[in-house]
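Coordinate inspection notes
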Amino acid sequence: MGTPSLRAVLVLAAALAGLLAPRAVYGQPNFIVILADDVGWGDLGANWAETKETPHLDELAAEGTRFVDFHSAASTCSPSRASLLTGRLGARNGVTHNFAVTSVGGLPLNETTLAEVLREAGYSTGAIGNWHLGHHGYHHPSFRGFDYYFGIPYSHDMGCTDTPGYNLPPCPPCPQHGAAARIARKDCYMEVALPLFENITIVQQPVNLSSLAARYAEEAARFIRRASDSGRPFFLYLALAHMHVPLGVPSPPPASGRGIYGAALSEMDALVGWIKRVADSHGKGNTLLWFAGDNGPWAQKCELAGRLGPFVGAWQRQRGGSSAKQTTWEGGHRVPALVYWPGRIPAKRTSHALLSTLDIFPTLVALAGAALPPNRRFDGLDVSPVLFGWSDVGHKVLLHPNSGAAGKDGEIETLRLAQYKAFYTTGGAMACDGSIGPAEHHQPPLIFNLDRDIQEQEPLDLASREYQAVLPAISRAYAQALEDIAMDNVSVADYSKDPAATPCCNTRHVACRCQAPGSHAAVLDRRTERRATRLCL
C-alpha cells in the first residue's frame, strides 16, 4: 500500500474534526427531551396537512430536522419510558408492561438510567411530568439519577381528581366525604386521588388537572434558569400529560375545529413552544431539544384519540380491533419526532432514517462525552451522524415488542428489516366500536413492504419471488436478535403489588386527600408526613 497523499490526509483530518466538533468545540450541550403521551403521527401539522393546531411544533420542524420513520420502543407507557431512559428493550431491562398504583417495584435498580450517566458526567438533571417507572422506595425518580423531580408518579387517569377533565367513559370527581360518597365506575380510579410530587414530597393530592400544564411549564422554566445560572450543563426530561386522557381544556369546550382534542393539542403545542423560547433565551445554540411520542393514539377513546396519519393498519382493521396504541402495527409505535439544535442540526430537513426512542440514550451520552454503562447490550444507536445530516442511515433491524394487544407482553414477535416488516403474531387492541382483534400467530410470518403499502393492507404472497427472497434475511435477523437478548445481562422487574405502596399523603381522609378542595397546596402534619416518607422512600 502506497503513502497517502497530502490531500487524502487533509480530507481525513477534516472529516475527523467534523465528527468531533459537536462535543470538542462546543463543549457539553444541554439536553431537553420532551415526551408526549398517546400522540399520533398525524397530530403534527408538519406530518399531516389536515392538522392545524401545532404551529409551534411546525416551527420547530422548520428550524430543525423532522424524522418521519421514527418509532417508540414499545406501544404502551411504562415499557416505552423504560427503554428511552435505558436504551434497552423491555426484554432486556425487564419492564414489559405498565406498573400499577400499588406496584412495589419499578424499573430494576441494576438498570442504569440516562440521568445517572449524565449526572456522573457533570450534568444537572431534572424530570418533570409523568414518571410511571415505579414510585415506591428507590424506584422513585429522585433515586434514579434526577436532581429534581416535579410530577405525577404514573398516568393521570390512574387516580381521581376534583377536576376530572374529559374522558370516555367520563369519570366523576374524587369523593370528599367518607365511604358513602364513593361511586364505583368502570375504568375510573376512585379509591385514591392522583398525587403531585416535588422530589419525594406529595405537594398536592388530588392534583388540579386544569393547572397541571401551566405548572409543568413553570417548573421546567425554573429548572432551566437555575441550571443555566449554575454554569453546569443540564438534562431536562419533560414527560407531558398531553395527549393522554383525561384531557383538560377550558369549559365550555370549543365548538369548532377538532373540539376537545384539538384544544388540548393546541395547549401542548403552546407548552412546547414556550419551552423552546425559554431554552433559546438562555443561550441559543447551547441546547438540543428532542421531541417525540411515547406510543400511538389510544383508539378506544374515539374522538379523544389522536390522528394516525396514513398508518391505519388496514389488515388488522378488517379483522376487528384497533391498530394503534398497544399494538405492533405502525400506528402503535410510529410517532412524530423532531430535533432542534440551532447552528448544529440542519434546519428544514426531513430524514427518512429508521430511528427509535431507544437511540436517545446512546446519542446523548455520546454528545456529552460520556461512556455507555458496561456489562450490558443496547438496542439503541448513537445516531448523531443522522442528526447532523452526515448520514441518513439508522437501524438495519428494529424490533417491536408485544405491548398488550396480542402475545406475551414484552416478547419480540414483530420486526422491521429495511422496508420490510414481519409479524409472527398479530392482534388488535380495543377500538372505538368496542371490538378487539383476536391474536393470530403466523409461521411463516406475514411480511409487508412498507415502501408500497404504508397502510399495512396486503401482506406479500408467500409464493411470490419477493417473499421468498426476503424471508431468509428476516429469519436470520430474527434468530440473531433473540439470541443476542438471550446472551445479554437481562433484568427482571418486580411487578408485585401491595396497597401500602400507594402514594397517600393522608390516610385519615377519603381518597388520601391532603388538602381542602380548592386550596393551592398540601400541608402535611407530622403523622401524615411520616407515612408519606415511608411510602415514597
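Calculation notes
Residues numbered from 1 in each chain as written. Predicted model: local features only at pLDDT ≥ 70, side-chain atom pairs only at ≥ 80, totals over all residues. Heavy atoms only, no water. Helix = DSSP H or I, 4+ residues; strand = E, 2+ residues; numbered from the N terminus. Contact = heavy atoms within 4.5 Å. Areas by Shrake-Rupley, 256 points an atom, 1.4 Å probe, with all protein chains shown as cover. Disulfide = S-S within 2.5 Å. Buried < 20%, exposed > 50% of the residue type's maximum accessible area, 1.4 Å probe, protein only. 1 Å grid on protein atoms, 1.4 Å probe; cavity = no way out; pocket = protein on both sides within 12 Å on 5 of 7 lines; lining within 4 Å. Points joined across faces, edges and corners; volume = space filled by probe spheres on them. Nonpolar A, V, L, I, M, F, W, Y, C, P; charged D, E, K, R; others polar. Salt bridge = Lys/Arg side-chain N within 4 Å of Asp/Glu carboxyl O. pLDDT = per-residue confidence, 0-100. Axes fitted to C-alpha atoms, helices over the stretch in contact; angles between N-to-C directions. Parallel < 35°, antiparallel > 145°, perpendicular 65-115°, else oblique. Patch = residues over 30% accessible without salt bridge, like charges linked within 9 Å, V, L, I, M, F, W, Y side chains within 5 Å. Pairing = 2+ DSSP bridges.

Looking only at helices and strands, the chain has 13 helices and 16 strands in total. Sequence separation of at least 24 residues holds for 72% of the intrachain contacts in the chain that already meet a minimum separation of 6. As displayed, the chain has an accessible area near 20,900 Å², and 55% of this comes from carbon and sulfur atoms.

What follows is about the state of the cysteines. In this structure the tally under the stated criterion is five disulfides. Each sulfur in the disulfide pair Cys 160 and Cys 174 lies 2.1 Å from the other. One quick way to see it: the torsion about the S-S bond of Cys 160 and Cys 174 is about 105°, and its sign makes the bridge right-handed. Here Cys 160 is found in the loop between strand E5 (148–151) and strand E6 (196–198), whereas its partner Cys 174 is found in the loop between E5 and E6, with 14 residues between them in sequence. The pair formed by Cys 160 and Cys 174 is uniform in burial state, with each residue classed as buried. The disulfide partner of Cys 171 is Cys 188, and the S-S distance across this bridge is 2.0 Å. As the torsion about the S-S bond is roughly -90°, the Cys 171-Cys 188 disulfide counts as left-handed. With Cys 171 in the loop between E5 and E6 and Cys 188 in the loop between E5 and E6, the pair connects residues that are 17 residues apart, well separated along the chain.

Quick look at empty space enclosed by the protein now. Applying the stated criterion across every chain yields a total of five cavities of 30 Å³ or more. The space that makes up the largest cavity amounts to roughly 160 Å³. Of all the elements in the fold, those that place two or more residues in the lining of the largest cavity are helix H6 (212–230) and helix H7 (259–281). Class assignment of the residues belonging to the lining of the largest cavity gives a composition of seven nonpolar, five polar and one charged.

This paragraph deals with the environment of Glu 53. Structurally, Glu 53 is set in the loop between strand E1 (30–36) and helix H2 (55–63). Looking at Glu 53, the relative accessible area reads 12%, which means it is buried. The spatial distance from the C-alpha of Glu 53 to the C-alpha of Gly 262 is 6.4 Å, given a sequence separation of 209 residues. Setting aside residues no more than four positions away along its own chain, Glu 53 makes contact with Arg 258, Gly 262, Leu 265, Ser 266 and Asp 269.

With that settled, the discussion passes to the layout of surface pockets. The calculated volume of the largest pocket comes to roughly 650 Å³. The wall of the largest pocket is formed by 29 residues, among which Asn 98, Asp 157, Trp 298, Gln 300 and Gln 326 lie closest to the centre. Its residues placed into classes, the lining of the largest pocket shows 11 nonpolar, 12 polar and six charged. Considered as a void within the structure, the second largest pocket measures approximately 320 Å³ in volume. Lining the second largest pocket are 15 residues, and of these Arg 92, Asp 379, Val 397, Leu 399 and Ala 481 sit closest to its centre. Of all elements in the fold, only strand E13 (397–401) and helix H12 (465–486) reach the threshold of two or more residues within the lining of the second largest pocket. Take the lining of the second largest pocket: its biggest share by element is four residues, from H12. Taken together, the residues that form the lining of the second largest pocket break down as nine nonpolar, two polar and four charged.

Bringing the pattern of salt bridges into the picture now. Side chains bearing opposite charge may pair, as long as their charged atoms lie close to each other. In this structure the tally under the stated criterion is 25 salt bridges. Across the salt bridge formed by Arg 92 and Asp 379, the nearest N and O atoms sit 2.8 Å from each other. Placement of Arg 92 in helix H4 (residues 90–93) and of Asp 379 in the loop between helix H10 (360–367) and helix H11 (384–387) is noted, with a sequence separation of 287 residues between them. Accessibility classification places Arg 92 together with Asp 379 in one group, the buried group. A salt bridge links Arg 92 to Asp 484, with the nearest nitrogen and oxygen atoms 2.6 Å apart. Of the two residues, Arg 92 is situated in helix H4 and Asp 484 in helix H12; the sequence distance between them amounts to 392 residues. Residue class for Asp 484 comes out partly exposed when judged on its relative accessible area of 25%. Residues joined by salt bridges that share partners form a network here, namely Arg 88, Arg 92, Glu 111, Arg 377, Asp 379, Asp 484 and Asp 488.

In low-pLDDT regions, the fine details of the predicted coordinates are not to be read closely. When the pLDDT values of the chain are averaged, the result is 90; 88% of them are 70 or greater. pLDDT under 50 marks residues 1–25. Its contacts with residues more than four places away, or in other chains, come to 14 contacts. For the stretch residues 516–537, pLDDT sits under 50, and the model shows 45 contacts to residues farther than four places along the chain or on other chains.

Our focus in this paragraph is the packing of H6 against H7. Taken N-terminus to C-terminus, the directions of H6 and H7 make an angle of 10°; their axes are 10 Å apart at the nearest point. One way to sum up the angle between H6 and H7 is to call them roughly parallel. Where H6 approaches H7, its residues Ala 213, Ala 217, Ala 220, Ala 221 and Ile 224 are matched on the opposing element by Glu 267, Leu 271, Trp 274, Ile 275 and Val 278. Across the contact of H6 with H7, the residue classes break down as nine nonpolar, no polar and one charged.

All right, on to a nonpolar patch on the surface then. A surface patch of nonpolar side chains, amounting to about 310 Å² of accessible area, comprises Leu 109, Tyr 138 and Phe 143. By secondary structure assignment, the location of Tyr 138 is in the loop between strand E4 (124–129) and E5.

On to the sheet that holds strand E2 (residues 65–67). The 10 strands are arranged E7-E6-E5-E4-E8-E1-E9-E10-E2-E11 in an open sheet whose pairing can be described as mixed. Strands with a single pairing partner mark the edges of an open sheet, and in this sheet they are strand E7 (201–204) and strand E11 (349–351). Strand-to-strand twist across the sheet, computed as the mean angle between neighbouring axes with direction ignored, equals 20°. As paired elements, E5 and E6 share two bridges and run antiparallel to each other. Looking across to E6, one finds that Phe 150 is bridged to Glu 198. Contacting E2, strand E9 (287–293) and strand E10 (337–340), H2 runs over the sheet at an angle of about 60° to E10.

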